[in-house]
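Chain by chain, the residues:
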Amino acid sequence: MPGPRTIPFDYPAPGAGPAVALPGAGTPWLDALRADARGLSANGLPGTRMEAWKYTSLAPLAELDFSPPPAHEAEASESADPFDAVAGPCAVFVNGRFSAARSRLDSLPAGLRVTGLAQALADDPAGVEGLIGGTGALNGEPLAAFNAAFAADGCIVETAEGVEIEEPLRLRFAASPGVAPLAWHPRVVVRLGAGSRLTLVEGHDGPAGAATWSNPLADIALGGDATLSHVKLQVEGPDAYHTALTRAALAGGARYESHLLALGARLARHEIHVRLEGEGAACWLGGGYMARGSQHVDNTTVIDHAVPNCESREVYKGVLDDTARGVFQGKIIVRKDAQKTDGHQLNRTLLLSRKAEIDTKPELEIYADDVKCSHGATAGEPEAEQLFYLRSRGLDHRTALALIVEGFMCDMMEEVPHEGVRAVLIERVAAWIDGGGCP
Amino acid sequence: MLTIENLHATVDGKPILNGLDLAVNAGEVHAVMGPNGSGKSTLAYVIAGREGYEVTAGSVTYRGADLLAMSIEERALSGVFLAFQYPVEIPGVGSATFLKTAVNAVRKHRGEKEYDAMEFLKLVKEKRTALGIDDGMMRRALNVGFSGGEKKRNEMLQMALLEPALAVLDETDSGLDIDALKVVASGINALRGPERSMLVITHYQRLLDHVVPDRVHVLAGGRIVRSGGRELALELEKSGYAGLGLEPSAAA
Amino acid sequence: MSAQHDAAQAVESYAGERYKYGFVTDVEADSAPPGLDHDTIRFISAKKGEPEWLLAWRIKAFERWLQMEDEEPTWAKLHYPPIDYQDACYYSAPKSDADRPKSLDEVDPELLKTYEKLGIPLQEQEMLAGVAVDAVFDSVSVATTFKDKLAEMGIIFCSISEAVKEHPALVQRYLGSVVPYSDNFFATLNSAVFTDGSFVYVPKGVRCPMELSTYFRINAANTGQFERTLIIADEGSYVSYLEGCTAPMRDENQLHAAVVELVALDDAEIKYSTVQNWYPGDAEGRGGIYNFVTKRGACRGANAKISWTQVETGSAITWKYPSCILQGDNSVGEFYSIAITNNRQQADTGTKMIHIGRNTRSRIVSKGIAAGRSDSTYRGLVRVQPKAEGARNHTQCDSLLIGDTCGAHTVPYIESRNPTARVEHEATTSKISEDQLFYCRQRGIEEEDAVALIVNGFCREVLQELPMEFAVEAQKLVAISLEGSVG
């Protein structure tokens, strides 16, 4: 028998009071799915003996008695919206529940549909089955099982074939913590029609205060030649836990771009799985992470080249200060027939403090011979030569360092397609360098 | 030595050679000239047997045998040498090691004794000095980091050592300055002999000032469109391919 | 291979047998029955006439191992049926002449073909194939001269069993000091049941004048499947040690779990080179050695250096991570590796570089070549501890795939806890280019030879780290290992 590989975890907390009814309860397929998922989640949280969780311990999470937020608190106050200045449609979730009053979804561009998941489950559960049904995808993904078992809300984003949506669609997940630790498990489904284009801006924010656990699961499917630019800014407060899994499946010629800036939470894990399923598909994964204090930030990605002639590019850069710990695990899989794969990956980390730590595991798993694949990783403090150069021009050490860090990170942000969104991210990087950036 | 009849060849399904005829006797040097895209390099690769160059019709007879039926290395062992336009880099493989392996493969095939390290070093030294190749180059990995001129001289060194019966020189003059050109040309001339034939593929006639051909052929649209003596090359230089009514576009 | 080698090996075989039968124990039997319990451990220890402390150590290891039932590593990218550890034999006397092949005529012709390609002399072929041969006595002097010369310089080079008797203080001080008895499933098993291996001690300031090789080792014959090697380089000393052989060795034991410990004190340097070519199984993967090795070196002193070079072409399963613990300031660790897998072979190999001291440096060059239906994995760890000020690591991992039915994988772990450290990792995966093959073939080199030539070029950075004599053979081995992989 293998030893304990999971952390026992009672969720919802035994003393959490009467369970809040989940939407769509009574629908047979949904009840069955939730029961199965609950069975899996009862195994507990993934432990560090699981290879995928080697460097990230969820033990602190298990020490808290999380319960689902009561429905009526959805309209409570929350932190400031980081993308306030960005116009366009916006779906707002407070503590994981859709808030119609705060959302702007009245005049959606033609060809774009955004539906609240709870609403959809209430109105047309059969129509949702194809989007979130089936537990097959949960095996080996312990936190996805929690999401499937307990998701109370979320949203479904769909585009019609061939439409190009100019304005970014925002999904804002705001936290409004109460006295007791609260957890939510939003489920997001994105379906892009063939040839369509969309920019999706996902924000996670929250104030300092009581502990929260946000465990979002996003399933993305891109039709042939569709393009999704997916921007994510994560700036929750210092007592928050954030464990996100994003899964994207790409048809032929589709392109998925992920741009992440991770600044918040006590512990954050951003896991992205991309599966290139059609020839000519391409993905770009760009990630920036900045952590200080005792923050822990984990980026785990899997890019799966299932068919020939696909391309993937991945660059993750991070800055770690104080006793912060960063984790990067990036795997590229090239399946047996995926000839002519072109896959490259890079992870670079600047360590600003004596006690900061980075654990990096770039991984290649290759079963086809006619491929070009590489990865690289570097870790260390900013180069002395760069610092010397700047100081010889009259900058003090602090300013010179700030300039180097900013250049290092903003480099990444330049890839973000929407100007207004990009400006917000760059501003956040600058604020972080000045000692802020998060609540 | 070499007889090519009605040769048709395609690359990626695209016809490049369209009924090429050519005969080279022992001891002769023939120049093949032509505009870009006329099929010069394709002819060289078909003779050497490169994969992806598909012969769809015609024949190539080399010393009475069907050349097209032979594998790449069989052709090489029986004396067909291709001096590459762009010699490939092979990291980690020392130039000297490579040369020795190739020379001994050929000697073994001919039933001659393989050289040991000392004999071989002596032989190489003699040949390379004539080509102005220093020892340092021999110790570097094959073609890795070589300049254009070094690569071409290295090709000539290999030809000198392998002593082929038929040498196909694919744009050996490209990328050479005038001094290097002279060195290479004298290397070629040193190898001319009654038993050795050469096919000199070139875009310009300047190499032919130094390596005087017995025959000159103009290749266009995948066929030999004109043949003549040395004067044909001079005529080409004066009037260009256009002067012969052979615009590259017309040729394609 | 020189005649000297032949002679020495013949002698060592003879001496080994005599040695085995030469000391008296109260145990009558020559072999322990299959299975592993406290009595097996006591039997082995008694057979070898070991002191009490060593038996106690073995027992401690065995008891720990019993608790490790669910700790047999599963993280490597290796697939093999469960091993029944109670089914194996943990001590057996060398085979009697009657059981061995009488002559080379009785030996697998495939094996002989390989020997021929490697240019191994006839007599040595017989040794390797386990043919019963008479030792050539007039060569005793060769080994004696060799031993005398080392002894003059104070260098101890003997079997570990002999060292336990002759130099117990040294053994007791260092055995298990780099790889503790509780280190991992296989090392713990080895600690409990190891049968023999080499022991080397190089005193202060001495530069060992020759490559120490298992060929020369007295009592080398039948060191068995649980080999234990301990090498200590005292302050300012240098030693180069060669392990293994390019020729495929016949071996009765499918399971191998060796442990090698290296200790380098201040300013000392140990260079450890391995060529591993055990039986890989047939083309369908039947048979073949399972090779689970724990190799680790500790740079205990300042400016110490440990360099591992390995050419791994054999075994059905290779699980091996020669590592360096860089404790001393300015100490240096190196790992140069070539791993070639063909047919159904699986190799999961790499290194660990643990930077503890200031200005410690490590370099990793790994070349993985996979052909046939094999899988080759590089797995490595570079860890920089908080006090490893100014540490440097550079890692280069290149994989080459031959054919589309094999796999090449790269799994590096990088853990950095010091901002002044600089850690760099690069990896590439590619195949032999058509252009390169065409160029070689146009020069008359056959396709298989061209592949060997190009692969040898790909491996050059590692091959040049091998001692000259080994390097030449290793190049041939690269070619032989890839036979049948193209065309």
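Residues numbered from 1 in each chain as written. Chains lettered and ligands numbered in written order. Predicted model: local features only at pLDDT ≥ 70, side-chain atom pairs only at ≥ 80, totals over all residues.

K.L.:
Please set out the overall build of chain C residue by residue, giving values where relevant.
P.N.:
Each helix and strand in chain C was counted, giving 13 helices and 20 strands. A fraction of 85% describes how many contacts in chain C between residues 6 or more apart in sequence connect residues 24 or more apart. (Helix = DSSP H or I, 4+ residues; strand = E, 2+ residues; numbered from the N terminus. Contact = placed C-beta atoms within 7 Å.)

K.L.:
Requested: an account of the overall build of chain B, with residues and values cited.
P.N.:
A tally of regular secondary structure across chain B gives 10 helices and 10 strands. Computed over its C-alpha atoms, the radius of gyration of chain B comes to 18 Å, within 12% of the 18 Å expected for a compact globule of 252 residues. Dimensions along the principal axes, computed over C-alpha positions, put chain B at roughly 55 × 40 × 35 Å. Partitioning the contacts of chain B with sequence separation of at least 6, the portion at a separation of at least 24 is 72%. (Rg over C-alpha atoms; globule rule 2.2 N^0.38 Å.)

K.L.:
How would you summarise the interface of chain C and chain A if you had to cite specific residues and measurements?
P.N.:
Taken together, the contacts link 31 residues of chain C with 36 residues of chain A. Of all the elements in the fold, those that place two or more residues in the side of chain C that touches chain A are strand 19 (407–416) and strand 20 (422–431) of chain C. In terms of residue class, the side of chain C that touches chain A is made up of 13 nonpolar, 10 polar and 8 charged. Sheet topology places strand 22 (residues 357–366) of chain A next to strand 19 of chain C; 6 bridges connect them, and they run antiparallel. Note that in strand 19 of chain C the partner of A:Thr360 across the bridge is C:Ile414. (Nonpolar A, V, L, I, M, F, W, Y, C, P; charged D, E, K, R; others polar. Pairing = 2+ DSSP bridges.)

K.L.:
With reference to specific residues and values, describe the environment of A:Ser79.
P.N.:
Secondary-structure assignment places A:Ser79 in the loop between helix 2 (59–62) and strand 3 (90–94). Once the C-alpha coordinates of A:Ser79 and A:Gly206 are considered, the two residues, 127 residues apart in sequence, prove to be 5.3 Å apart.

K.L.:
Please set out the sheet that holds strand 5 (residues 65–66) of chain B residue by residue, giving values where relevant.
P.N.:
All names here are of chain B. Pairing in this open sheet of 4 strands is antiparallel, and the strands run 2-1-4-5 from one edge to the other. If you trace the sheet from one side to the other, it starts and ends with strand 2 (14–24) and strand 5, each paired once. Inspection of the sheet shows strand 1 (residues 2–11) paired to strand 4 (residues 53–62) by 8 bridges, in the antiparallel sense. When the bridges of strand 4 are listed, Thr 10 appears paired with Glu 54.

K.L.:
With reference to specific residues and values, describe the interface of chain C and chain B.
P.N.:
Each side of the interface is counted separately: chain C has 18 residues, and chain B has 24 residues. A total of 7 residues in the side of chain C that touches chain B trace back to one element, the largest contributor, which is helix 10 (residues 434–442) of chain C. Among the residues forming the side of chain C that touches chain B, the class breakdown is 7 nonpolar, 5 polar and 6 charged.

K.L.:
How would you explain the packing of helix 6 (residues 148–162) of chain B against helix 7 (residues 178–190) of chain B if you had to name every residue and give the values?
P.N.:
Residues and elements named next belong to chain B. In contact at an axis separation of 10 Å, helix 6 and helix 7 are set at 10 degrees when each is read in the N-to-C sense. By the criterion of interaxial angle, the relationship of helix 6 to helix 7 is roughly parallel. Contact residues: Gly 149, Lys 152, Arg 153, Met 156 and Ala 160 in helix 6; Ala 180, Val 183, Val 184, Gly 187 and Ile 188 in helix 7. (Axes fitted to C-alpha atoms, helices over the stretch in contact; angles between N-to-C directions. Parallel < 35°, antiparallel > 145°, perpendicular 65-115°, else oblique.)

K.L.:
Please give an account of the environment of A:Tyr389 that cites residues and values.
P.N.:
One can find A:Tyr389 in helix 6 (residues 384–392). Sequence spacing of A:Tyr389 and A:Ala400 is 11 residues, and the spatial spacing of their C-alpha atoms is 9.0 Å.

K.L.:
Describe in detail unusual backbone geometry, supporting the description with residues and values.
P.N.:
A cis amide bond links A:Tyr11 to the next residue, A:Pro12, at an omega of -10 degrees. By the element assignment, A:Pro12 lies in the loop between strand 1 (6–7) and helix 1 (28–41). Its identity as a non-glycine residue notwithstanding, A:Ala265 has a phi of 75 degrees, on the positive side. Take A:Ala265: there are 28 C-beta atoms within 10 Å of it, and that puts it in the buried class. Within the chain, B:Asn6 stands out as a residue other than glycine whose phi angle is a positive 50 degrees. Position of B:Asn6 relative to the elements: it lies in strand 1. (Buried ≥ 20, exposed ≤ 12 C-beta atoms within 10 Å, placed from the backbone.)

K.L.:
Could you give an account of the sheet that holds strand 3 (residues 29–33) of chain B, with specific residues and numbers?
P.N.:
Residues and elements named next belong to chain B. Sheet architecture is open: 6 strands sit in the order 6-7-8-3-9-10, paired in mixed fashion. Each edge of the open sheet is held by one strand with a lone partner, namely strand 6 (80–83) and strand 10 (223–228). Direction aside, neighbouring strands of the sheet carry axes that sit 20 degrees apart on average. For strand 6 and strand 7 (residues 166–170), the ladder comprises 4 bridges, and the chain directions are parallel.

K.L.:
Outline the pairing of strand 3 of chain B, supporting the account with residue identities and numerical values.
P.N.:
All names here are of chain B. Counting buried residues in strand 3 gives 5 out of 5 residues, a clear majority hidden from the surface. Burial along strand 3 is two-sided: the face carrying Val 29, Ala 31 and Met 33 and the face carrying His 30 and Val 32 are both buried. Relative to strand 8 (residues 197–202), strand 3 is paired through 5 bridges, and the arrangement is parallel. Opposite Ala 31, over in strand 8, you have Val 200 as the bridge partner. Pairing of strand 3 with strand 9 (residues 215–220), which is carried by 4 bridges, proceeds in the parallel orientation. Opposite Met 33, over in strand 9, you have Val 218 as the bridge partner.

K.L.:
Tell me about helix 7 of chain B, residues and numbers included.
P.N.:
Residues and elements named next belong to chain B. For helix 7, built from 13 residues, the straight-helix expectation of 18 Å at 1.5 Å per residue is met to within 8% by its first-to-last C-alpha distance of 18 Å. If you check which residues of helix 7 are buried, you get Leu 181, Val 184, Ala 185, Gly 187 and Ile 188. Each buried residue of helix 7 lies within a common arc of 155 degrees when the element is viewed along its axis, so the set occupies one face. Relative to its buried face, helix 7 has exposed residues pointing more than 90 degrees away, namely Asp 179 and Asn 189. Packed against the buried residues of helix 7 are helix 4 (117–130), helix 6 and helix 8 (206–210). (Expected span 1.5 Å × (residues − 1). Arc of directions from axis to C-beta.)

K.L.:
Just give me the short version of the confidence of the model for chain B, but keep the residues and values in it.
P.N.:
Scored by pLDDT, chain B comes out at a mean of 89, with 97% of its residues at no less than 70. Segment residues 248–252 of chain B is flagged for pLDDT under 50; beyond a separation of four residues in sequence, or across chains, it makes 11 contacts in the model. (pLDDT = per-residue confidence, 0-100.)

K.L.:
Report on the confidence of the model for chain C, specifying residues and quantitative values.
P.N.:
Residues and elements named next belong to chain C. Taken as a whole, chain C shows an average pLDDT of 82; of its residues, 79% reach a score of 70 or greater. Summarising per-element confidence for chain C, the mean pLDDT is lowest in helix 1 (residues 3–22) (35) and highest in strand 12 (residues 323–326) (98). Between residues 132–142, whose pLDDT stays under 50, and residues either more than four places distant or in other chains, the model counts 19 contacts. Contacts for the low-pLDDT stretch residues 215–223, under 50 throughout, to residues beyond four places or in other chains number 33 contacts.

K.L.:
So what's going on with the packing of helix 11 (residues 447–458) of chain C against helix 13 (residues 468–481) of chain C? Which residues, and what values?
P.N.:
Axis angle and axis distance: for two packed helices, these are the angle between their axes and the distance between the axes, and together they describe the pair. All names here are of chain C. Where helix 11 meets helix 13, the axes come as close as 9 Å, and the angle between the chain directions of the two elements is 130 degrees. Taken together, helix 11 and helix 13 sit at an angle that is classed as oblique. The hand of the helix 11/helix 13 crossing is right-handed. Taken together, the residues of helix 13 that come into contact with helix 11 (itself represented by Ala 452, Val 455 and Asn 456) are Gln 475, Val 478 and Ala 479. A class-by-class count of the residues in the contact of helix 11 with helix 13 yields 4 nonpolar, 2 polar and no charged. (Left-handed = near helix turned anticlockwise from the far one by under 90°.)

K.L.:
Hey, could you go over helix 5 (residues 142–150) of chain A for me, with residue numbers and the actual values?
P.N.:
Most of helix 5 of chain A sits inside the fold, with 9 of its 9 residues counted as buried. Residues A:Pro142, A:Leu143, A:Ala144, A:Ala145, A:Phe146, A:Asn147, A:Ala148, A:Ala149 and A:Phe150 constitute the buried set of helix 5 of chain A.

K.L.:
Before we move on, can you summarise the environment of A:Phe388 with the specific residues and values?
P.N.:
When you line up the elements, A:Phe388 lands in helix 6. Each C-alpha atom of the pair A:Phe388 and A:Ala400 lies 8.7 Å from the other, and the pair is 12 residues apart in sequence.

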